[in-house]
Amino acid sequence: MIRIANGQGFWGDWLEAPVRLVDQGPIDYLCLDYLAEITMSIVQKQKLEDPQLGYARDFPPLMGRLAKRLKERGITVIANAGGVNPVECAREVKRLAPDLKVAVVLGDDLYDRVDSLLAQGHTLANMDTGEPLATVRDRILSANAYIGAFPLVEALRTGAQVVIAGRCTDTALALAPMIHRFGWQETDWDLLAAGTIAGHIVECGAQCTGGNCQVDWQTIPDFANIGYPIVEAEPDGTFTITKHPGTGGRIHSDVVKEQLLYELGDPKNYITPDCIADFTTIRLADTGADRVTVSGIKGRPRTPSLKVSIAYQYGWKATGSLVYSWPEAYAKARLAERIVRERLSQLGLEFEEVWAEVLGFNACHGPAALPVPDVPEVQLRIGVRGPDRKQVDRFTRELIPLVLSGPPTATGFGDGRPPVREVVAYWPALVPREAIQTRVEVIA
Amino acid sequence: MKIPLSQIAHARSGDKGDTANIGVIAYAEKHYPILLREVTAERVKTFFGSFVQGRVERFELPNLGALNFLLHESLGGGGTLSLRIDAQGKTYGAALLRMEIEVTPGEL
């Protein structure tokens, strides 16, 4: 049995979580998932400004802080902290933790290969709309193929104590040590599916240990000290989800079911670079306090393609708000919305979308919201999105004047006019597996 | 008789681009057939009204006593484009639990 922990569900997750996983009980592998789709375009921009950046900057200091303990306890770290610059990330880790052996996985970054891929006849057409990539070619900010667990396994085979990848799948982080230690093969579809589903359960950190859980949330103990998840993996593909004793949170089959369904599409066809996992074959059993054992998982052969995520400059947006108090707060907010829309129209401003919603009334649930009587206060939130930065900027001046010139009891304007933000959009595409060659480098 | 879905099920929701997903899970296995009968794709689409511009798909997970719904074009463009406060549909699961379903006392 090996213990694989996940101490980070996204870049910005709780900084103490990985430290506590190392300190509060035994683990063999510490996985850290830093990359959301939006993260790739952010790190690409940072790299364009400074060629030594472009990775999750929280990661090297964490390795410096944990270096001694990782070495003493024989814990290996696997992280997709590399962003679009895994080599510089690794160099910074070596600078702060010189005693750790560090390996990087390269080959997912296609930013400099887009034109050559197109020239070779790979259309990189949008998976959802079918549009050719030429539509947005000159606005691309980043392009990465999602790579699976086997390139990470190659890095583990070097004996590295820290493995840094760029855009690997979230599930590959936890699957890789199982393949490495149990000798699973590239065609062991059931085993690869089992490890993939283990990775899916833990990839969002504490969301499988009681975080964001609807079941009896009022009684979930000690959120402030919530335990992050640990997979106790067996060579036959069964595994148990648990956490260190004495930590907060709760692990129960109801909690694990919620996370299994999180961001799920077709449950019979969960496609990763490593396999296709069938979520309708999963068997769950509560096997002790804060222990859920998972078995029975079936998988099918991997697809011939890899997914590519391309980020491109889309346009601009801004969102501002005003608060209206009782009485008739909702009616005042909707009148203010009509005034703003009329003024935008008078100015001749054109946007792709103008969206208004009323927080405290129905912003989250829309037509599905619980009808409520006259509420104490609401927040009107109005946003616009469009291709022209100047027009979006002009919109940001149209809210605050209503404090003096619109319906009564407007407040909540203390932050001034809202900032204009760049909109980065995503272009999902496929490439044949053979077009992507990964390689591993040990950083001296 | 009519009961809110929350009496027999819990839920979690999330996003993939402009598509929201809602996993609806029966607390007790014996209530899964009620979910199958009462919580149809059509009813979910109607419940969310103008929030769902596209179609609603339903998938069955009898092994977990659960249904998974995909609500296409329901997040105002999704992820980075969306102007909505809940651009990732994080609260859609809670919303759906308010839906009323029809059951017989013997089923509960």
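The structure presented is a predicted model; accordingly, all values stated were derived computationally and were not measured.

Chemist: Any chance you could explain the overall build of chain A here in plain terms?
Modeler: Of regular secondary structure, chain A possesses twelve helices and 19 strands. For 444 residues, the compact-globule estimate of 2.2 N^0.38 gives 22 Å, and the C-alpha radius of gyration of chain A, at 24 Å, lies within 12% of that figure. With respect to the three principal axes, the spread of C-alpha positions in chain A is 70 × 60 × 45 Å. Split into buried and exposed, the 444 residues of chain A put 48% on the buried side. Restricting to contacts in chain A with at least 6 residues of sequence separation, those with at least 24 account for 76%.

Chemist: Can you walk me through the interface of chain B and chain A in this structure?
Modeler: For an interface, size is often stated in terms of accessible area lost upon the parts coming together. With 33 residues of chain B in contact, the opposing surface of chain A contributes 41 residues. Of all the elements in the fold, those that place two or more residues in the side of chain B that touches chain A are β2 (9–16), β3 (19–26), α2 (41–48), β4 (56–61), β5 (66–71) and α3 (92–96) of chain B. If you tally residues by element for the side of chain B that touches chain A, the top one is β2(B), at six residues. Residues of the side of chain B that touches chain A, tallied by class, amount to 15 nonpolar, twelve polar and six charged.

Chemist: Any chance you could explain the pairing of strand β3 (residues 76–79) of chain A here in plain terms?
Modeler: Sheet faces and side chains relate simply in a regular strand, where the side chains alternate between the two faces. Residue and element names in this part refer to chain A. Residues Thr76 and Ile78 line one face of β3 and the alternating positions Val77 and Ala79 line the opposite face, and both faces are buried. Taken together, the four bridges between strand β2 (residues 29–32) and β3 define a ladder with parallel strand orientation. Looking at the pairing, Leu32 lines up with Ala79 of β3. Inspection of the sheet shows β3 paired to strand β6 (residues 162–164) by three bridges, in the parallel sense. Within β6, the residue paired with Ala79 across the bridge is Ile164.

Chemist: What should I look at first to understand the sheet that holds β5(B) in this one?
Modeler: Strand pairs in the sheet, formed through backbone hydrogen bonds, run parallel or antiparallel to each other. The four strands lie next to each other as β2-β3-β5-β4 (chain B), forming an open sheet whose pairing is antiparallel. The outermost strands of the open sheet, each flanked by one partner alone, are β2 and β4 of chain B. Here the average twist between neighbouring strands, direction ignored, is 20 degrees. Against the sheet, helix α9 (residues 253–261) of chain A contacts β2, β3 and β5 of chain B, and its axis sits at roughly 155 degrees relative to β3(B).

Chemist: How should I be thinking about the packing of helix α7 (residues 170–182) of chain A against helix α8 (residues 189–202) of chain A in this particular structure?
Modeler: Residues and elements named next belong to chain A. Where α7 meets α8, the closest approach of the two axes is 7 Å, and the angle between their N-to-C directions is 130 degrees. Classified by the interaxial angle, the pair formed by α7 and α8 is oblique. Regarding α7 and α8, the two cross each other, and that crossing is right-handed. Between α7, through Asp170, Thr171, Ala172, Leu173, Ala174, Leu175, Met178 and Ile179, and α8, the contact on the second element is made entirely by Leu192, Gly195, Thr196, Ala198, Gly199, His200 and Val202.

Chemist: Would you take a moment to explain the sheet that holds strand β7 (residues 230–233) of chain A for this structure?
Modeler: All names here are of chain A. Spatially, β11-β12-β8-β7-β1-β2-β3-β6-β4-β19 is the arrangement adopted by the ten strands of the open sheet, whose pairing is mixed. Every other strand in the sheet has two partners, leaving β11 (283–288) and β19 (439–443) as the edge strands with one partner each. Along the sheet, successive strands turn relative to each other by an average axial angle of 20 degrees, direction set aside. Bridging between β11 and strand β12 (residues 291–295) involves five bridges; their strand directions are antiparallel. For Gly288, the partnering residue across the bridge sits in β12 and is Arg291.

Chemist: Even after reading the chapter, I still don't get the pairing of β2(A), so can you show me in this structure?
Modeler: All names here are of chain A. Both faces of β2 are covered, namely the face carrying Tyr29 and Cys31 and the face carrying Leu30 and Leu32. Summarising the sheet, strand β1 (residues 2–6) and β2 pair through three bridges and their orientation is parallel. Looking across to β2, one finds that Ala5 is bridged to Leu30. In this region the chain leaves β1, passes through helix α1 (residues 16–23) and returns to the parallel neighbour β2; the handedness of that crossover is right-handed.

Chemist: Please clarify how unusual backbone geometry should be interpreted in this entry.
Modeler: Peptide bonds are, in most cases, trans, and in most cases residues other than glycine have a negative phi. Residue and element names in this part refer to chain A. That bond from Trp326 to Pro327 is cis: its omega, 0 degrees, falls within 30 degrees of zero. Its place among the elements puts Pro327 in the loop between β14 (305–325) and α10 (329–346). For Asn212, which is not glycine, the phi torsion reads 50 degrees and is therefore positive. Relative to the elements of secondary structure, Asn212 occurs in the loop between α8 and β7. Positive phi, normally seen in glycine, also occurs at Asp222, with a value near 50 degrees. Looking at the element boundaries, Asp222 is found in the loop between α8 and β7.

Definitions and limits used
Residues numbered from 1 in each chain as written. Chains lettered and ligands numbered in written order. Predicted model: local features only at pLDDT ≥ 70, side-chain atom pairs only at ≥ 80, totals over all residues. Helix = DSSP H or I, 4+ residues; strand = E, 2+ residues; numbered from the N terminus. Rg over C-alpha atoms; globule rule 2.2 N^0.38 Å. Buried ≥ 20, exposed ≤ 12 C-beta atoms within 10 Å, placed from the backbone. Contact = placed C-beta atoms within 7 Å. Nonpolar A, V, L, I, M, F, W, Y, C, P; charged D, E, K, R; others polar. Pairing = 2+ DSSP bridges. Axes fitted to C-alpha atoms, helices over the stretch in contact; angles between N-to-C directions. Parallel < 35°, antiparallel > 145°, perpendicular 65-115°, else oblique. Left-handed = near helix turned anticlockwise from the far one by under 90°. Right-handed = clockwise from strand over helix to strand, strands pointing away.

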